[in-house]
Amino acid sequence: MPDAQVVVVGAGPVGLLLAGELRLGGAGVLVLERLEEPTTESRASTLHARTMEIFDSRGLWDGVDGPVGDARGHFAGIPVDLTLPGSRPGLWKVPQTDTERLLARRAAGLGADIRRGQEVRAVTDTGAYVEVDTGDQVVRAAWLVACDGEDSTVRRLLGADFPGHDARRELLRADVAGIEIPDRRFERLPDGLAVAARRADGVTRIMVHEHGAPVPVRTGPPAYEEIARAWKRVTGEDVGGGTPLWVNAFDDTTRQLAHYRHGRVLFAGDAAHRQPPIGGQALNLGLHDAFDLGWKLAAEVTGRARPGLLDTYHAERHPVGARTLSSIEAQALLLFGGPEVEPVRALLTELIGHEPVRAHLAAMIGGLDVPYEGAGVRLPHINELLPVGKGLLPGPADTTTRGNPPCP
Ligand SMILES: Cc1cc2nc3c(=O)[nH]c(=O)nc-3n(C[C@H](O)[C@H](O)[C@H](O)COP(=O)(O)OP(=O)(O)OC[C@H]3O[C@@H](n4cnc5c(N)ncnc54)[C@H](O)[C@@H]3O)c2cc1C
């Protein structure tokens, strides 16, 4: 007998949402996370409309102040009004650390066993079960879901086919205290792109891309001096005297797993697709993977799934991932490109002035236009009709704590 019905590798946002969804569907869940404590790194901060609807349906903000929304979004830095029918159109700013804390609270509250300081080092799929070795313990599980991020260990151990392309361009960024510079929203300058946003606490996030700069092979974050020098070359401003609180570089490496399922191992979030965090899409895409997979895998392990249900996860989410990655690539080309992309940007700006184009982009950015075979389109106000934490169909036993989203 396996020790766990499902082992989730990684307690990032995707693994934590998945753990809660699996518990909601009645599955036993063990989460293995290599970090002793949750990360404090400043990462994604944008939740889009569909993610907010999912979180509302799960009562994620219960007992805490929910975020404040803003209808002003963008595509490649070109402003797009995100107003659409629905309960939560727009951008919602939530530090990823807060999202993870709330998702961890929910998963643990629903009974997920979250073990920290457990780094998965070996995975064997025997066909009957999956064996996971963390050095400290060997665990057998009926299923394993790899939510272990963009450098996924499980993906490497399985040698999974991960086609795409390596880095071509890079953006440097830093959160800096003690500097006074003008705010810049995607300012296009002759030598590159510069963004600066001062927060209420006086810390300024700067981001800079230099046209034609080679992308170095990095084994860690860049030195602040390197970022300050690039900022000076692109904007002419000296930020070298500031105090860096966080430094980071990201590039436009884009890859997607050929298959989201390998036998008894499934992949979700950044482990399944790697993309630059342009437009705040990466986190939201991964959370939607988890939401789709959770009830299907729970139905599988509790014996309620119809034949083939679990395979609809790859069938549905892989095309959505491919489309999102393509949209991010289009934005990367338009953002990081030099003067040669200006005519395309001008044309796109003109097109966004037409309501059908604006609404199309707003729905795509918000994740509101994802069709599921047999389920048709999303109903904009369905969340307001559903009780918190439940789905349309009653769960197998305890309908106060279990429920399933609508079947595809
Ligand atoms: C430095 C950085 C900055 C980012 N900035 C932005 C941004 O500005 N905007 C944006 O939209 N997105 C940003 N992203 C992307 C966003 O944070 C991710 O899309 C999101 O975190 C994906 O969630 P995840 O759960 O799939 O993966 P992760 O959040 O990466 O979580 C994976 C988890 O798995 C754990 N893990 C890894 N290997 C093992 C193992 N072998 N055993 C056990 N546990 C393991 C990790 O410790 C981690 O907790 C950034 C990502 C990074 C890394």
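Residues numbered from 1 in each chain as written. Predicted model: local features only at pLDDT ≥ 70, side-chain atom pairs only at ≥ 80, totals over all residues. Heavy atoms only, no water.

## Some remarks on the environment of Glu225
Next up, step 1: Tracing the backbone through its elements, the reader meets Glu225 in helix H5 (residues 224-235).
Next up, step 2: The sequence separation of Glu225 and Gly241 amounts to 16 residues, and the corresponding C-alpha distance is 9.7 Å. (Helix = DSSP H or I, 4+ residues; strand = E, 2+ residues; numbered from the N terminus.)

## Description of the domain arrangement of the protein chain
Next up, step 1: Partitioning the protein chain into domains gives domain 1 (4-163 + 255-404) and domain 2 (170-251).
Next up, step 2: Here domain 1 and domain 2 have C-alpha centroids that lie 29 Å from each other.
Next up, step 3: Listed per partner, the contact involves 19 residues of domain 1 and 13 residues of domain 2.
Next up, step 4: Here domain 1 packs against domain 2, burying approximately 1300 Å² in sum over the two surfaces, 54% of which is carbon and sulfur.
Next up, step 5: Three residues, Ser42, Leu335 and Phe336, lead the burial of domain 1 against domain 2; their summed loss comes to 42% of the area buried on that side.
Next up, step 6: Scanning the region where domain 1 abuts domain 2 turns up 1 salt bridge.
Next up, step 7: Across the salt bridge formed by Glu342 and Arg188, the nearest N and O atoms sit 2.7 Å from each other.
Next up, step 8: Between the two partners, domain 1 and domain 2, sit 7 residue pairs in polar contact (both at pLDDT 80 or more).
Next up, step 9: Residue composition of the side of domain 1 that touches domain 2, by class: 7 nonpolar, 6 polar and 6 charged. (Domains from an automatic or database assignment. Contact = heavy atoms within 4.5 Å. Buried area = accessible area lost by both parts, 1.4 Å probe. Salt bridge = Lys/Arg side-chain N within 4 Å of Asp/Glu carboxyl O. Polar contact = N/O pair within 3.5 Å; in protein donor to acceptor, adjacent residues only side chain to side chain. Nonpolar A, V, L, I, M, F, W, Y, C, P; charged D, E, K, R; others polar.)

## Focus on the site of the ligand
Next up, step 1: By nearness alone, 28 residues border the ligand, and Glu33, Gln96, Val120, Arg173 and Asp270 come closest of all.
Next up, step 2: At 2.6 Å, a side-chain N or O of Glu33 approaches an oxygen atom of the ligand.
Next up, step 3: At 2.8 Å, a side-chain N or O of Gln96 approaches an oxygen atom of the ligand.
Next up, step 4: Relative to its free-state accessible area of 990 Å², the ligand is covered by the protein chains to the extent of 89%.
Next up, step 5: When contributions to the shell around the ligand are tallied by element, the ones reaching two or more residues are helix H1 (13-24), strand S2 (29-33) and helix H6 (281-301).
Next up, step 6: Its residues assigned to classes, the shell around the ligand comprises 11 nonpolar, 9 polar and 8 charged. (Near = heavy atom within 4 Å. Areas by Shrake-Rupley, 256 points an atom, 1.4 Å probe, with all protein chains shown as cover.)

## A short note on the environment of Gly280
Next up, step 1: Position of Gly280 relative to the elements: it lies in the loop between strand S21 (273-274) and H6.
Next up, step 2: By relative accessible area, Gly280 is classed as partly exposed at 23%.
Next up, step 3: Expressed as a C-alpha distance, the spacing of Gly280 and Thr46, which sit 234 residues apart in the sequence, is 5.6 Å.
Next up, step 4: In contact with Gly280, other than residues within four places in its own chain, are Thr46 and His48. (Buried < 20%, exposed > 50% of the residue type's maximum accessible area, 1.4 Å probe, protein only.)

## Quick notes on the pattern of salt bridges
Next up, step 1: Summed over the entire model, instances satisfying the criterion amount to 27 salt bridges.
Next up, step 2: Arg274 is paired through a salt bridge with Asp151; the nearest N and O atoms lie 3.7 Å apart. With Arg274 in strand S21 and Asp151 in the loop between strand S11 (138-146) and helix H4 (153-158), the pair connects residues that are 123 residues apart, well separated along the chain.
Next up, step 3: Note that Arg255 and Asp166 form a salt bridge whose closest N and O atoms lie 2.9 Å from each other. Taken together, the positions of Arg255 in strand S18 (residues 254-256) and Asp166 in the loop between strand S12 (164-165) and strand S13 (170-177) put the pair 89 residues apart, joining distant regions of the chain.
Next up, step 4: Each of Asp175, Arg199, Asp201 and Arg205 takes part in salt bridges that share partners, so that together they form one network.

## Thoughts on the sheet that holds S21
Strand pairing in a sheet relies on backbone hydrogen bonds. The paired strands run either parallel or antiparallel.
Next up, step 1: Pairing is antiparallel across the open sheet formed by 3 strands, whose spatial order is S12-S18-S21. Of all strands in the sheet, those bounded by a partner on one side alone are S12 and S21.
Next up, step 2: Relative to S21, S18 is paired through 2 bridges, and the arrangement is antiparallel. The partner of Arg255 across the bridge, within S21, is Arg274.
Next up, step 3: Helix-sheet contacts for helix H7 (residues 312-336) involve S12, S18 and S21, and the interaxial angle to S18 is about 175 degrees. (Pairing = 2+ DSSP bridges. Axes fitted to C-alpha atoms, helices over the stretch in contact; angles between N-to-C directions.)

## Re the nonpolar core
Next up, step 1: By size, the foremost hydrophobic cluster in this structure holds 62 residues, and its most contacted members are Val7, Leu22, Leu47, Phe55, Leu144, Val145 and Leu297.
Next up, step 2: For this core, the leading source of residues is H6, giving 8 residues.
Next up, step 3: Apart from residues lying up to four places away in sequence, Val7 is in contact with Leu30, Leu32, Val132, Val139, Ala141, Trp143, Leu144 and Val145.
Next up, step 4: One finds Val80, Leu171, Phe250 and Ala362 within the second-largest nonpolar core, a separate group that totals 29 residues. (Core = buried A, V, L, I, M, F, W, Y, C linked by side-chain atoms within 4.5 Å.)

## Structural notes on the pairing of strand S5 (residues 72-75)
The side chains of a regular strand alternate between the sheet's two faces.
Next up, step 1: Pairing of S5 with strand S6 (residues 78-81) involves 4 bridges; the strand directions are antiparallel. Bridge pairing links Gly73 to Val80 in S6.

## Focus on the sheet that holds strand S4 (residues 69-70)
Next up, step 1: Taken in spatial order, the 3 strands of this open sheet run S3-S7-S4, and their pairing is antiparallel. Strands with a single pairing partner mark the edges of an open sheet, and in this sheet they are strand S3 (46-47) and S4.
Next up, step 2: Pairing of S3 with strand S7 (residues 91-93), which is carried by 2 bridges, proceeds in the antiparallel orientation. Within the sheet, the bridge partner assigned to Leu47 lies in S7 and is Trp92.

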